[in-house]
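Structural overview for review
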Amino acid sequence: AAKLPRKSPLPVMSEQQPQEGPPPLGPEQLAVATSLLLVGVIASWYLELNLAGKIVIAALRATVQLAVLGYCLLVPLFRMASPSALLAYLTFMVSVAALEASGRSGNRYPKIFRHAFFAIGSALAGLLGFA
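Residues numbered from 1 in each chain as written. Predicted model: local features only at pLDDT ≥ 70, side-chain atom pairs only at ≥ 80, totals over all residues. Heavy atoms only, no water.

Quick word on the confidence of the model for the protein
The criterion, for reference: The predictor rates its confidence in each residue with pLDDT, a number between 0 and 100. Numbered from the N terminus, helices here are DSSP runs of H or I no shorter than four residues, and strands are runs of E no shorter than two.
Scored by pLDDT, the protein comes out at a mean of 86, with 84% of its residues at no less than 70. Averaged over each element, pLDDT in the protein is lowest for helix α2 (residues 52–80) (91) and highest for helix α4 (residues 112–130) (94).

Okay, structure coming up:
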């Protein structure tokens, strides 16, 4: 009797269709994110750190800022499909992050902005290379 070839349980990559747009964010993902936020709030309350209110306010600010940034700037930027525009935006954001990081540091020295820019830019490049 002839043996039939065994079919692998793993999907073949060539059969998968590329995903268009961002992955869906459903109630389950929002519940997980909220529960992680609550862990921080509960830990702050339990350890008497008095940070629970600040954590909640920071989370609300981040939600509003990311929603506005996403819909007002990033959606049009990605629809343009221009690598140079995206690179300019990333450079601007790394510059702003480096300026904030170097401004908040208690230890100041002459090349702190350059070092912060390189550190944040390197982390971004590594992340983009991995993705």
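A look at the side chain of serine 44
In plain terms, the rule: The contact criterion used is simple: two residues touch if any of their non-hydrogen atoms lie within 4.5 Å.
Its location among the elements puts serine 44 in helix α1 (residues 27–46). Excluding anything up to four places from it in sequence, serine 44 contacts Leu49, Asn50, Leu51, Ala52 and Ile55.

So, α1
Filter applied, for reference: Expected span of a helix: the number of residues minus one, times 1.5 Å.
Across its 20 residues, α1 extends 28 Å between first and last C-alpha, which sits within 8% of the 28 Å expected from 1.5 Å per residue. Downstream of α1 by one or two residues, glutamate 48 has phi in the positive range, about 55°.

Looking at the environment of leucine 38
Going by this rule: Burial status follows relative accessibility: with a 1.4 Å probe on protein chains alone, a residue under 20% of its type maximum counts as buried, one over 50% as exposed, and anything between as partly exposed.
Mapped onto the elements of the fold, leucine 38 is located in helix α1. A relative accessible area of 45% means that leucine 38 is categorised as partly exposed. Separated by 18 residues in sequence, leucine 38 and valine 56 have C-alpha atoms that sit 8.9 Å apart.

Structural notes on the side chain of serine 102
For clarity, the threshold we go by: N or O atoms within 3.5 Å of each other form a polar contact, as long as, within protein, one can give a hydrogen and the other can take it, and as long as residues adjacent in sequence are counted only when both atoms are side-chain atoms.
Here serine 102 lies in helix α3 (residues 83–104). A distance of 3.2 Å separates a polar side-chain atom of serine 102 from the backbone oxygen of leucine 99. Residue contacts for serine 102: discarding those within four places in its chain leaves Arg108, Ile112 and Phe113.

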